[in-house]
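Here is what each chain is made of, one letter per residue.
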Amino acid sequence: MPSHLALDADAILADPGVRIVVCCGAGGVGKTTTAAACALRAAEEHGRRTVVLTIDPARRLAQSLGLTELDNQPRLVKTDGDGGGELHAMMLDMKRTFDEVVEAHTDPQRAQEIFANPFYQAMSATFSGTQEYMAMEKLGQLRATGHAGLEWDLIVVDTPPSRSALDFLDAPARLARFLDGRMLRLLLAPARAGGRSMFQFMTASFGMFSKAVQRVLGAQLLRDLSGFVEALDSMFGGFRQRAERTYQVLQDEQTAFLLVAAPEADAIREARYFAKRLVEERMPLSGLVLNRVHHTAVPDLPAADSQAAADRIAAAHPEAAAALRVHATLVQQVVREQRMSARFTRAFPAVPYLEVPAQPTDVHDLDGLRAIGAALRPAPAPA
Amino acid sequence: MQTTSGPVHPGWPARLHVVTGKGGTGKTTVAAALALALAAGGHRTLLVEVEGRQGIAQLFGTDPLPYQERRIAETGDGGQVLALAVDPEQALLEYLDRFYKLGAAGRVLRRLGAIDFATTIAPGMRDVLLTGKIKEATTRTEAGRRVYRAVVLDAPPAGRIGRFLNVTAETARLAKVGPIKTQSEGVAALLRSPMTQVHLVTLLEEMPVQETVDTLAELGELRLPIGRIIVNAAQPPLLAAGPTRSALRAGLAAAGLPAGREVVAGLHAEAREHLAREQRQARLREELAELGHPIVELPLLAGGADRAGLGTLAAALG
Ligand SMILES: Nc1ncnc2c1ncn2[C@@H]1O[C@H](COP(=O)(O)OP(=O)(O)OP(=O)(O)O)[C@@H](O)[C@H]1O
Ligand SMILES: Nc1ncnc2c1ncn2[C@@H]1O[C@H](COP(=O)(O)OP(=O)(O)O)[C@@H](O)[C@H]1O
Ligand SMILES: [Mg+2]
Ligand SMILES: [Mg+2]
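In this text, all values refer to a predicted model and were calculated from it rather than measured experimentally.

Chemist: Just to check I follow, could you spell out the overall build of chain B for this structure?
Modeler: When helices and strands are tallied, chain B shows 13 helices and ten strands. Across chain B, the fraction of contacts at a sequence separation of at least 24, relative to all contacts at a separation of at least 6, is 73%.

Here it is as structure tokens:
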């Protein structure tokens, strides 16, 4: 789509002023792949000390990045290029990150108590939003600590495979609100928290509610819960503040958001929601990476003509007829994909855009990532 | 016309069909098609979703579904599909109301976010409420007869299905006694009985197939009954072998199309790439077959999954 603003993702990766690249989008569109490809390119082609934080990478991709164990630490990846760049890769371990946060803020004995609390166990593994929060937390850590005494030139962040791309922005605040414990305290001590005068009715129903919950869940659960809340309360200077701080980092001009989508109805719909939100919140949206786009080598032969020709010669030239059918199917797909991507470009004419071709096979080695990386530069204008 | 619950469909001998698979493989579409297939012949089925995404309403192009069973489609022969979006908050309120008569207080709590809170503090508890509602619909009778011939659940994706269905384990950790525990035991009994089958939707692509393999292993360990593997959006093979350039040139000439070098080379490359894909897909088919579960293939719908397309898929299932 030459009429639309071209996104030069490669220039972003080369820009020393860009310190964080966030790859976001709906699940399955290629966020992890794009994040890894970006980081590899920044290291090999632009000589930057880069770390990529991947989340749930496909097993074979993880292996080719040398991520065989989940130890929550960046590992140096053996790459080409002699421009002084380095690629480090890591896989987020959500539970471990949560444990680290706890350990960093309390004494060992208290930490053990918290780890043993069944409520902590359930929540650190399953609470929706924990993964998003911990991704943010890890990003904050990577930024603060750097590597071998130096700051990272570039941190590339993959985002969790949530059903909605927006979860990445919303979940941390949700989790933080929860951990802040206001609601928990209200639930555990309704009479105190509500105050007498102001919210009579509210407190009354709350008392009833908490009684109901006690009856349903049993007092044991509430005891565990209140133990958990107390422990958290004593050690955190506000989860909410932490979440807010990372949110600000995301709004920083040193951050670049790459919105990844595939030319499919659902992915494009999610991309539109996300783009709207990023624009509203003044997040630095650099552009859309439309991944897995198909191309035809014979653009001048339309699907219908190819199909009709195949039917005409089917008996005498079965091989050629089959090839024409393959071409017809491919062109139909190309046309469908163009219609899909137009849904985005029409809605966001000001958001730059870039196509990454569908590779013939899944991408799970460094060469595959290099091929994607090479596509991050806009194609030269057609002659 | 009499809509009946009837005996089970001989090819789908369960009352509760749980449809899962990797994200985006077509769970919602396949669940809807299965609900239609099981309604054919004048039966009533219920299509349920639990994740608050309104995937069913989107698929059928209707307004968002309320927390109420609504007719969403009919088969030509008097069968009907009802749909329900189970909302954990509403399920909790309904549940509490049955025991504790919350009334207006419930609404206030909702506004305060307390319900949302209570259903998220313990994900296991949320899942028990959701599966509890599904159990109720699956086993519901009126005047001594089943209300639904079958209930089809558009379930959470493969990565979360084990936890979702393994309700007792999740709640046992949090609630050691009380009605929630009793409820979860009832649900677990249904899920592990022949009344239930879990079906896995996959595409002939590497990651969905890998996830199918992993999920089957997990479900097996949890002793959950496995139904079929449903290969979605399958395409019939077009090529037996890659055509030679000269065969292409001759064919193009015979069809009266331009047969220049570029066209021939382009078609040749497209065919080769396509052939490689078909060969990979054949390997994946074999890998799935080795798992030893019945497989059913559904065609790729050229026009997308509209009502007619769903009919095509339903016919392929039934
Ligand atoms: N057999 C088919 N032929 C063509 N398109 C299909 C087919 N099955 C599904 N689709 C399309 O694929 C897309 C994904 O399908 P669907 O929403 O059913 O998947 P899902 O597994 O429910 O996704 P999610 O994990 O997001 O819930 C939809 O656009 C749907 O119309
Ligand atoms: N351009 C591409 N061409 C071919 N396959 C791709 C491409 N981009 C991603 N893939 C494949 O798609 C699958 C999903 O990609 P992944 O990066 O894990 O998605 P996400 O992180 O968004 O869930 C992987 O198997 C990956 O190899
Ligand atoms: Mg990913
Ligand atoms: Mg769905």
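Chemist: Please explain the overall build of chain A as it appears in this structure.
Modeler: Looking only at helices and strands, one finds 17 helices and eight strands in chain A. Here chain A holds 383 residues, and 48% of them are scored as buried.

Chemist: Looking at this structure, I do not really get the site of ligand 1. What am I missing?
Modeler: Around ligand 1, the surrounding shell holds 19 residues, and the nearest of these are Gly23(B), Lys27(B), Thr28(B), Thr29(B) and Ala305(B). Nearby residues around ligand 1 are contributed by chains A and B. Those elements that place two or more of their residues in the shell around ligand 1 are α14 (265-280) of chain A together with α1 (27-39) and β9 (226-234) of chain B. A per-element tally of the shell around ligand 1 places α1(B) first, with three residues. Taken together, the residues of the shell around ligand 1 sort by class into seven nonpolar, ten polar and two charged.

Chemist: Got a minute to help me understand the domain arrangement of chain B in this structure?
Modeler: A common way to report how large an interface is uses the accessible area buried once the components associate. All names here are of chain B. One can read the domain layout of chain B as domain 1 (16-235 + 300-317) and domain 2 (237-291). Counting from both sides, the interface comprises seven residues of domain 1 and, opposite them, six residues of domain 2. Mapped by element, the contributors of at least two residues to the side of domain 1 that touches domain 2 are α10 (206-221) and β9. Here the side of domain 1 that touches domain 2 gets four residues from one element, more than from any other, and that element is α10. The residue makeup of the side of domain 1 that touches domain 2, split by class, is six nonpolar, one polar and no charged.

Chemist: When you look at the site of ligand 2 in this model, what are you seeing that I'm missing?
Modeler: Near ligand 2, the surroundings consist of 20 residues, among which Gly30(A), Lys31(A), Thr32(A), Thr33(A) and Gln359(A) are the closest. What surrounds ligand 2 is not a single chain but chains A and B. Counting only elements with at least two residues in the shell around ligand 2, the list comes to α2 (31-46) and β7 (285-293) of chain A together with α10 of chain B. The element best represented in the shell around ligand 2 is α2(A), accounting for three residues. In the shell around ligand 2, the residues fall into eight nonpolar, eight polar and four charged.

Chemist: Quick question: what am I supposed to make of the pairing of strand β4 (residues 86-91) of chain A here?
Modeler: In the case of a regular strand, side chains alternate between the two sheet surfaces. Residue and element names in this part refer to chain A. With six of its six residues buried, β4 lies for the most part within the structure. Side chains of β4 alternate between two faces, with Glu 86, His 88 and Met 90 and Leu 87, Ala 89 and Met 91 buried alike. In the sheet, strand β2 (residues 49-54) pairs with β4 via six bridges, with the strands oriented parallel. What sits directly across from Arg 49, in β4, is Glu 86. As defined by bridge partners, strand β3 (residues 75-77) adjoins β4 across three bridges and the pair is classed as antiparallel. Considered in β4, the bridge of Val 77 is made with Leu 87.

Chemist: Just checking my understanding: could you explain the pairing of strand β3 (residues 70-74) of chain B for this structure?
Modeler: Residues and elements named next belong to chain B. The pairing of β3 with strand β4 (residues 80-85) spans four bridges and is classified as antiparallel. Among the inter-strand pairings, Arg 71 is bridged to a residue of β4, identified as Leu 82. Between β3 and β4, which pair antiparallel and follow one another directly, the connecting turn spans five residues, one of which, Gly 78, has a positive phi of 90 degrees.

Chemist: Teacher, can you tell me more about the sheet that holds β9(B) here?
Modeler: The strands making up a sheet associate through hydrogen bonds between their backbones, and the pairing can be parallel or antiparallel. All names here are of chain B. Sheet architecture is open: eight strands sit in the order β3-β4-β2-β7-β1-β8-β9-β10, paired in mixed fashion. Of all strands in the sheet, those bounded by a partner on one side alone are β3 and β10 (295-299). Each neighbouring strand pair of the sheet contributes to a mean axis angle of 25 degrees, computed without reference to strand direction. Bridge count for strand β2 (residues 44-49) against strand β7 (residues 150-154) is five bridges, and the pairing is parallel. Along β7, the bridge assignment pairs Thr 45 with Ala 150.

Chemist: Explanation requested: the sheet that holds β2(A) in the structure shown.
Modeler: All names here are of chain A. Spatial strand order, β3-β4-β2-β5-β1-β6-β7-β8: eight strands in an open sheet with mixed pairing. Both edges of this open sheet fall to β3 and β8 (353-357), since each of them pairs with a single strand only. The average angle at which neighbouring strand axes cross in this sheet is 25 degrees, direction not considered. Contacting β2 and β5 (154-157), helix α7 (residues 130-145) crosses the sheet at an angle of about 170 degrees to β5.

Chemist: Looking at this structure, I do not really get unusual backbone geometry. What am I missing?
Modeler: Most peptide bonds are trans, and most residues other than glycine sit at a negative phi. Of note, Asp56(A) is a non-glycine position whose phi angle comes to about 50 degrees, a positive value. Within the secondary structure, Asp56(A) sits in the loop between β2 and α3 (59-64). The class of Asp56(A) is partly exposed, set by 17 C-beta atoms lying within 10 Å. At Ala233(B), a position not held by glycine, the phi torsion is positive, near 55 degrees. Here Ala233(B) is to be found in strand β9. Under the C-beta neighbour-count criterion, Ala233(B) is labelled buried, with 20 such atoms within 10 Å.

Chemist: Mind showing me how you'd approach the environment of Leu92(B) here?
Modeler: Its location among the elements puts Leu92(B) in helix α3 (residues 88-100). For the pair Leu92(B) and Leu129(B), spaced 37 residues apart in the sequence, the C-alpha separation amounts to 6.5 Å.

Chemist: Honestly, the nonpolar core in this entry has me stumped. Any pointers?
Modeler: A general feature of soluble globular proteins is that nonpolar side chains tend to end up buried together. Ranked by size, the top nonpolar core spans 87 residues in total, and within it Leu259(A) and Ala261(A) carry the most contacts. Take this core: its biggest share by element is eight residues, from α2(A). Contacts of Ala261(A), omitting those with residues within four sequence positions, involve Gly25(A), Val29(A), Ala267(A), Ile268(A), Ala271(A), Leu288(A), Leu290(A), Asn291(A) and Phe344(A). Core analysis: the second largest hydrophobic core is formed by 72 residues, Leu34(B), Ile72(B), Ala83(B) and Leu92(B) among them.

Definitions and cut-offs
Residues numbered from 1 in each chain as written. Chains lettered and ligands numbered in written order. Predicted model: local features only at pLDDT ≥ 70, side-chain atom pairs only at ≥ 80, totals over all residues. Helix = DSSP H or I, 4+ residues; strand = E, 2+ residues; numbered from the N terminus. Contact = placed C-beta atoms within 7 Å. Buried ≥ 20, exposed ≤ 12 C-beta atoms within 10 Å, placed from the backbone. Near = placed C-beta within 6 Å. Nonpolar A, V, L, I, M, F, W, Y, C, P; charged D, E, K, R; others polar. Domains from an automatic or database assignment. Pairing = 2+ DSSP bridges. Axes fitted to C-alpha atoms, helices over the stretch in contact; angles between N-to-C directions. Core = buried A, V, L, I, M, F, W, Y, C linked by C-beta atoms within 7 Å.

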